[in-house]
Amino acid sequence: MANRFLRTLMACLLLAWGHAVLATHNEAGEILVCHVGGPGSLTYEATIITYTNPNSPADRPEFILDWGDGSPLDTIARDAADVVIVAGISTQRNLYIQQHVYPGPGVYLLQYIDPNRVADVVNIPGSVNVPMCVQTQLVISVMGNNCSPTFLNPPIQNACLGQPWIHNPGAYDSDGDSLSFEPMVCLGADTDGDGSGNPIPGYKFPNEMMPGANNQYSINPVTGTITWDAPQQNGIYNIAFIVREWRMINGQWVSIGWVERDMQVIVGPCNNRPPVLEQLRDTCVEAGTTLNITVQATDPDAGQTITLDAVGGPFQVPSSPAVFTSSPAQNTVFGNFSWNTNCSHVRQQPYQVVFNARDNYPPVQLQDFKTMRITVVAPAPQNPSATPNGAVMDLAWDPSVCTNATGYRIYRRQGPSGWQHAYCETGVPAYTGFQYIGGTTGVNSTTFTDAGLGFGVQYCYRVVATFADGAQSYASEEFCNMLRRDLPIMTHVSVGVTDNSAGIDTVRWSNAYDLDTVQFPGPYLFKLYRGTGYNNASQLLYTGTPSPFLANPDTALLDQGLDTRNTAHVYRVELYGDGGNTLVGSGNAASSVFIVPEPNDGQVTLHINYTTPWLNTVFEVFREIGGTFTWVGSATEPLYVDTGLVNGETYCYYVKTIGAYDDPAIVSPLVNFSQETCAVPVDLTPPCPPTVALDNDCEIPLNALSWTNPAVSCGNDDTWRYNIWFTDSLGGEPVLLQTITGAGNTSYTHVDGRSVAGCYWVTAVDSVGNESTFSNRVCGDNCPEYTLPNVFTPNGDRINDLFIPFPYRGVKQIDLQVFNRWGQRVFSTNDPDIRWNGTIGGTGDPVPDGVYFYVCQVYLKRLDGTEPLVLKGSVHVLGGNHARRN
């Protein structure tokens, strides 16, 4: 509290001192902050840059900065002061640099409040008496060290009356963080005493000065380009904007601080038009290659000399920075951007280059800005391979040519994709069908073992290099392979009989034809295991007879005495050598097909469930019709909806699946059958939710609701009634307000004599009681009004006998206190109607004619809660007070 008081006091003293010396010198400014020291250091360096009137007597050899951590205000000596010419404008650039140790992680607001701004700023009333406040937010946390963005273009620029004005600050972030831009009101004095500068009262954005269709002002939130099309009044303007930093933390974009820039625009009369830069397209470049771009600008005014410049991240990188060459020329000028990229330039965020074309018209030089974003992408990993090794696949590839890569991501899919990355498309997008299966850490960690695979399946892979900031390289070429058939492969699990206890499954498998018989000599035998469900087959079901041959004929079993009606069964086969003494390995498990019916209104949805190492591609559905199962349709996905059924009747089904392995040497097609199951359709589908509209008339007051009929909007022809739900505030729980019967009755008027604040929803209910989800929410609000008269005549003539509000609406309650001229309270009430009859406390004793003073705390009922309003005034009691005690 003491520190806050000290800050406020110092700000006031500075302000008073500034007025005394006519310190009208501040034109523009910003605070930049950057972490210094090693990991774990809490030392940050602030760089204050101000632009001031070089002719002002108010110079600042020292500057006062608030570090935002409760420490005393810091007085910083000036490091440099140079008078520079910016686009023909003379200004003094001042530099103040200081380091500070923060107490720990936190969010800190750095700021300076310096008197005063230059005089006659058009959009800042009384600017000569308004200090300049500039702020920067610093976030210190576990997310890593940070330096705020810097500005590569100066903050002072000319503009021509009636001509488009364009500016780009050339913001650059050395950490590669994503930047966004947003306008803000210029800040001034600490008017509320909290130690921070406040928005300047009466400040107007440029488009608010002589507003109209020909006066538009905006800032591009991505590129930072500011456009004012076009200035309508000569003079000096100040504008401010925030550059916010974003960093990807655990898959979420997090704001990690911001920098404010307060800058000046000088509008003057001229017959000049700005030059025009050709439009530039964003691009990508692979690290290790050179990007060359030709830039062109023209001037609509003949004889003008145009100068082309460029600033941006590619010119700031320490290794192999970009080069831009151009010579001033009349009418049309060309420039060449060249960047010999390397792996140190790879990052997730694009680099922004800002090109600037400037004419030489005296006295107002006009400019055009265009931006281009360049993403530097690492090359794809080279020479990938997939080598089968028993039940796993060994993957390998060459180390990335970018030694700053932090590791690799590996993706897999079943079967070839044929996908090739598009222009600027990094990583492996989900639409390709590849799934992420794992990663490695370190640029030289170039092997990966993929386990849990199925035999007879072709697996295809892609590898991507990763970088510290989340950037990814282009994907490697696709590389595929299959496991060798050195274990038995399941080929058939089919339900033959559906029963609770006498069900039958037919199980078949193939031999391990690629087995190394030297490593695993015979005789060979199989052990078959079974389980309930889809995954775990652990119960030994069958042990086969040893065979001296690898092509063992013992590859089928009829499994009887099962409950096939209520559950699926899963099977796997183990292969043993050496007469059953040596386990060679276990093949992949496969389950029977189990269908689950989901009855609904006039339909049954069949969910087809299974787990198999092969791929099922066709699902044929059979329904019992007249005692015989008949084909009724097919699907390519494990889901089928049988429609056109009659509610209340029983329908029975089974499904035939057709699939195959990728290996053409394995028998195909693989045909299997599900169990038989039955279902009875029933209406469980609610109507679609109505779409609601609200006519909020806050003056009558009433709310008129109307909504769509589901029979018309989405074909739900059995809608029976509507439920109307209401809450009187935002965030409140909906409460049933009214039920309206009849699908065609789609309107309702809600009248509450004092308030129309509230939100509504409508649900539709069908004839069997299914209720839709809530409709869209519609809300209305009060337009409160509470006016007290300044005179009333309580003389008993029934005309203006009572002190009552008129008009009033949207008032929840009041606290009215009425006093005579000696400060004695003569009346009070909480009733918004008041109805004071001019007696003392409503006792019947009349007050003398005269003026009475009131204080009325009014509580307005609004949608987002109660809003207080204080009325202070006087009322004249006159005309002879005839009120009498009852």
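What counts as what
- Residues numbered from 1 in each chain as written.
- Predicted model: local features only at pLDDT ≥ 70, side-chain atom pairs only at ≥ 80, totals over all residues.
- Heavy atoms only, no water.
- Pairing = 2+ DSSP bridges.
- Helix = DSSP H or I, 4+ residues; strand = E, 2+ residues; numbered from the N terminus.
- Disulfide = S-S within 2.5 Å.
- Buried < 20%, exposed > 50% of the residue type's maximum accessible area, 1.4 Å probe, protein only.
- 1 Å grid on protein atoms, 1.4 Å probe; cavity = no way out; pocket = protein on both sides within 12 Å on 5 of 7 lines; lining within 4 Å.
- Points joined across faces, edges and corners; volume = space filled by probe spheres on them.
- Nonpolar A, V, L, I, M, F, W, Y, C, P; charged D, E, K, R; others polar.
- Contact = heavy atoms within 4.5 Å.
- Phe/Tyr/Trp six-rings, centres within 6.5 Å; stacked < 30°, edge-to-face > 60°.

1. Digging into the sheet that holds strand β25 (residues 367-377)
The strands that make up a sheet are held in pairs by hydrogen bonds between backbone atoms, and each pair lies either parallel or antiparallel. Spatial strand order, β18-β25-β24-β20-β22: five strands in an open sheet with mixed pairing. Each end of this open sheet is capped by a strand with a single partner; those strands are β18 (283-286) and β22 (329-330). Here strand β20 (residues 305-312) runs beside β22; their pairing, made up of two bridges, is antiparallel. Looking at the pairing, Thr305 lines up with Gln330 of β22.

2. Let's talk about the state of the cysteines
Summed over the entire model, instances satisfying the criterion amount to nine disulfides. Paired by a disulfide, Cys284 and Cys424 hold their sulfur atoms 1.8 Å apart. As the torsion about the S-S bond is roughly 130 degrees, the Cys284-Cys424 disulfide counts as right-handed. Here Cys284, found in strand β18, pairs with Cys424, found in the loop between β28 (407-414) and β29 (435-441); they are 140 residues apart in sequence, far enough to count as distant. Under the relative-accessibility criterion, Cys284 is labelled buried at 12%. Judged by relative accessible area, which is 28%, Cys424 ranks as partly exposed. Put simply, Cys759 and Cys779 are joined by a disulfide, and their sulfur atoms are 2.0 Å apart. Taking the sign of the S-S torsion, about 105 degrees here, the bridge from Cys759 to Cys779 comes out right-handed. Of this pair, Cys759 sits in strand β54 (residues 758-766) while Cys779 sits in strand β55 (residues 778-780), placing them 20 residues apart in sequence.

3. With respect to empty space enclosed by the protein
Counted by the stated rule, this structure contains two cavities of 30 Å³ or more. Volume-wise, the second largest cavity comes out at about 30 Å³. Lining the second largest cavity, in full, are Asn158, Ala159, Cys160, Gln163, Pro164, Trp165, Ile166, Pro274, Leu366 and Gln367. Elements with a contribution of two residues or more to the lining of the second largest cavity: β9 (156-160) and β10 (165-167). Per-element tally for the lining of the second largest cavity: the top contributor is β9, with three residues. Per-class residue counts for the lining of the second largest cavity are seven nonpolar, three polar and no charged.

4. Here's the deal with unusual backbone geometry
With omega at 0 degrees, the peptide bond leading from Ser668 into Pro669 counts as cis. Of note, the bond from Phe806 into Pro807 is cis; its omega dihedral lies within 30 degrees of zero at -10 degrees. Relative to the assigned elements, Pro807 resides in the loop between β57 (791-792) and β58 (808-809). At Asp120, a residue that is not glycine, the phi angle is positive and equals roughly 65 degrees. Within the element layout of this structure, Asp120 appears in the loop between β6 (106-114) and β7 (132-140). Residue Asp120 is classed as exposed on the basis of its relative accessible area of 65%. A positive phi angle, close to 55 degrees, is found at Met210, a residue other than glycine. Its place among the elements puts Met210 in the loop between β12 (178-184) and β13 (216-219). For Met210, a relative accessible area of 48% corresponds to the partly exposed category.

5. As for the environment of Leu109
Inspection of the secondary structure puts Leu109 in strand β6. For the pair Leu109 and Ser417, spaced 308 residues apart in sequence, the C-alpha separation works out to 52 Å. Apart from residues lying up to four places away in sequence, Leu109 is in contact with Asp66, Trp67, Gly68, Gln135, Thr136, Gln137, Ser196 and Trp258.

6. With respect to the pairing of strand β27 (residues 392-396)
In β27, alternate side chains face the same way, and those of Met393 and Leu395 are buried while those of Val392, Asp394 and Ala396 on the opposite face are not. As paired elements, strand β26 (residues 385-389) and β27 share five bridges and run antiparallel to each other. Note on β27: the bridge partner recorded for Ser385 is Ala396. Following β26, the chain reverses through two residues before pairing antiparallel with β27; Gly390 in that reversal takes a positive phi of roughly 65 degrees. As defined by bridge partners, β27 adjoins strand β30 (residues 447-450) across four bridges and the pair is classed as antiparallel. Its bridge partner lying in β30, Asp394 is registered against Thr449.

7. Structural notes on the packing of aromatic side chains
In the structure shown here, the tally under the stated rule is 33 aromatic pairs. When the centroid spacing of 6.3 Å and the interplanar angle of 80 degrees are considered together, the rings of Trp67 and Tyr102 count as edge-to-face. Taken together, the residues span a long stretch of sequence, with Trp67 in the loop between β3 (62-65) and β4 (74-86) and Tyr102 in the loop between β5 (89-101) and β6 at a distance of 35 residues. With respect to class, Trp67 is no different from Tyr102; both count as buried. Taken together, a centroid distance of 6.2 Å and an interplanar angle of 45 degrees make the contact between Phe803 and Tyr854 tilted. With Phe803 in the loop between β57 and β58 and Tyr854 in strand β61 (residues 850-862), this pair connects stretches of sequence that are 51 residues apart. Neither residue differs from the other here; Phe803 and Tyr854 are each classed as buried. The structure contains a cluster of three or more aromatic residues connected by ring pairs, namely Phe792, Phe803, Phe827, Trp836, Tyr852 and Tyr854.

By themselves, these are just geometric observations and shouldn't be taken as functional.
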